[in-house]
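Reading the structure
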Amino acid sequence: MRFLSRRRRSPGAKPLTLLFALFLMGAIYSVVSPAQQVAADTTKDAQIAQGKALFDVTCSSCHGLNAEGGSQGPSLIGVGAASVDFQMGTGRMPLAHPGAQAVRKPVTYTADEIAAIAAYVADLAPGPAIPDPEVYSGEGLTEEEIARGGELFRTNCSACHNFEGSGGALPGGKYAPTLKGVANRHIYSAIRIGPQQMPVFSKGALTDADVNEIIGYLNQLHAQPSQGGFDLGGIGPVSEGFWGWLVGMGSLVGVAIWLAKKGARAK
Amino acid sequence: MSGHDQVERVGVAPTPEFPIPDPGLEEHNPRWSDVDPAAGRRAYAQVVGMLAAVPILAITFVVIYFAVPRDMYVKLGPLHANAQHVGLGLTGGLGVLLIGLACIHWAKQIMGDEESIDYRHPARSSDADRAAVAAEFRKGVEQSGLSRRGLIGASLAGALGIVAVPAVVLLADMGVWPTKGKRAVTIETTIWAEGVRIVNDVDFKPIKAADMEIGQLVNGEPKSLKEFEGSLQATERAKAAIIVVRMDPQSIKIPDSRKDWQVSGILCYSKICTHVGCPISLWEQQTHHLLCPCHQSTFDLGESGIVVFGPAARSLPQLPITVDKDGYLVARQGFTVPVGPSYFERDSRHDFQKGDN
């Protein structure tokens, strides 16, 4: 220490001390500061920026440059990431053409692009987030829970989506889509956000456990082999009656015509 | 003119009595199987062939019945079915079909097909026959003694008539007589009353007003339903079923008389269609229309449940609701009008009509 005290008045002591103090502060900061969060924030900002860029070219013509909505599309402020994930993840958005119904079609955007737009829309205002996978797994349910899921489904969903989830008609060219082949996550999101004409079912009325049971019921229902012959789409008496009238009555009429015909003659 | 003296009028000129000339029978043209021996043999072979296939099919049916395991399935495109059922149906059905086809083929190709006329006979019997039957009948009446001891006939008619009375009384008492007083305590009332909590159907969870989001639909029942059991519970459940919806209060019309029937846009309606009573919950959250799947009656829940389309004649009854001290939705009072389908004696003067305030 004498070495230090002897040189404390040297002209280089002050700048050196300052330098040392700065280095020390920097070293402490680099150890203590949340470096990872800085990195994450940068990625999130980048994702939101990417989402905004995609939004501008894909969505803004109807929903407005700031997602404020307009005559062609509703405002997206406050709809949350879950809405974007559902609408784009099922191919309903971007809309192919305006009409009574947003139709499910093949998804042309990558999961990353959809996540970016979802992040951008979620950043505008708080809204329902993309659900965690454990709330919609539909797995590990007891038979009793699946049966209860069926009861909840028939009470709350079957009025529009039909008793086996194959969808049904609504007024004015609209329809409730089939639930066959729909991802668990999208069923969960649709229940929570109420897309298009579908009502919302909030956690106050249907808890996450209830929804999981409904998903478990649907998965089991649709996994069961249908061994009853032609199911004709499973949409109930309309298709069955149509089949009966057209094919059944049609062939009877054909036989009656054949019976009454005189047939070929020799001259 | 009776059929006896029906004459053939082919080639006779039209008269005022028969203005249309009788075209007579079409000229008979022989079939191929009549003139060509090879064609005749072919038709014969076809009929016998079809009938000969039937025993083979019948035996196959029995073999399939015993040999094909019950849990074997066929998957052929859209056809997924039990293999045994498909096999039995195909062999049995085809067998019966072939018998029918063979008979028709036989009749059309081999049986004689010369057309002929068989004139209709008169329905009236000859006068001698009629007189004989009448004499026979009078003799029977004479022997029965009814003409001299007439009281037997009268008392028999009275006895038979009175036997109908117990039967009519029993049949009439098979159900409840729907008198005005009886209707008032059965079909015209529900268990909804002041302070009864609205609970979720199925799990009976009470509904907090704060949990209701705009656009939300809840299929509800009264909490007091738990106090009933068996068929009584089923009856009360059927009448008391409701739907609770929340709409943006700015986007709906609430008449002054129903200002305090709702909780900031949360409205409650009967779930039973006023047409023939189907349960309805096909609700479009954007148009606020509620559609009945049975006959497409459509009610506007944003305008006190008036009918906007379909055969229903009356608005959907609205249940006045409020919140209790814990924030849960409760009924403010029971339904003000009878819920459910229409019937002749129903007093429909108090139903909400478009334009009411």
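Structure first, text after, so check above.
Focus: the overall build of chain B
The number of helices and strands found in chain B is 7 helices and 12 strands. A compact globule built from 357 residues should have a C-alpha radius of gyration of about 21 Å, whereas chain B, at 38 Å, is more than 25% larger. Burial statistics for chain B: of 357 residues in total, 34% are counted as buried. Within chain B, contacts between residues at least 6 apart in sequence are counted, and of these 58% link residues at least 24 apart. Here chain B has roughly 21800 Å² of accessible surface; of this, 61% comes from carbon and sulfur atoms. Positive and negative side-chain charges in chain B, numbering 35 and 40 respectively, have mean positions lying 7 Å apart.

Quick notes on the packing of aromatic side chains
The geometry of two aromatic rings is summed up by the distance between their centres and the angle between their planes. Per the counting criterion, the structure on display carries 4 aromatic pairs over all chains. Between Tyr136 of chain A and Tyr188 of chain A, the ring centres sit 6.3 Å apart and the planes meet at 50 degrees, which makes this aromatic pair tilted. In this pair, Tyr136 of chain A is assigned in the loop between α6 (111-124) and α7 (143-156) and Tyr188 of chain A in helix α9 (residues 184-193), connecting sequence segments 52 residues apart. Tyr188 of chain A carries the same exposure label as Tyr136 of chain A, and that label is buried. Where Phe153 of chain A meets Tyr217 of chain A, the ring centres are 5.8 Å apart and the plane angle is 40 degrees; that geometry is what we call tilted. With a gap of 64 residues between them, Phe153 of chain A in helix α7 and Tyr217 of chain A in helix α10 (residues 208-223) connect regions that are remote in the sequence. Under the relative-accessibility criterion, Phe153 of chain A is labelled buried at 0%. For Tyr217 of chain A, a relative accessible area of 13% corresponds to the buried category. Here Lys226 of chain B stacks its cationic end above the ring of Phe204 of chain B, 4.7 Å away from the centre of that ring.

What about unusual backbone geometry?
Across the junction of Met93 of chain A and Pro94 of chain A, the peptide omega takes the value -5 degrees, indicating a cis bond. Take Pro94 of chain A: it is sitting in the loop between α5 (80-89) and α6. Notably, Phe204 of chain B is not glycine yet its phi reads approximately 60 degrees, a positive angle. Following the sequence through the fold, Phe204 of chain B ends up in the loop between β3 (198-200) and β4 (217-222).

Calculation criteria
- Residues numbered from 1 in each chain as written.
- Chains lettered and ligands numbered in written order.
- Predicted model: local features only at pLDDT ≥ 70, side-chain atom pairs only at ≥ 80, totals over all residues.
- Heavy atoms only, no water.
- Helix = DSSP H or I, 4+ residues; strand = E, 2+ residues; numbered from the N terminus.
- Rg over C-alpha atoms; globule rule 2.2 N^0.38 Å.
- Buried < 20%, exposed > 50% of the residue type's maximum accessible area, 1.4 Å probe, protein only.
- Contact = heavy atoms within 4.5 Å.
- Areas by Shrake-Rupley, 256 points an atom, 1.4 Å probe, with all protein chains shown as cover.
- Lys, Arg positive; Asp, Glu negative; His and termini not counted.
- Charge placed at Lys NZ, Arg CZ, Asp CG, Glu CD.
- Phe/Tyr/Trp six-rings, centres within 6.5 Å; stacked < 30°, edge-to-face > 60°.
- Lys NZ or Arg CZ within 6 Å of the ring centre and 35° of its normal.

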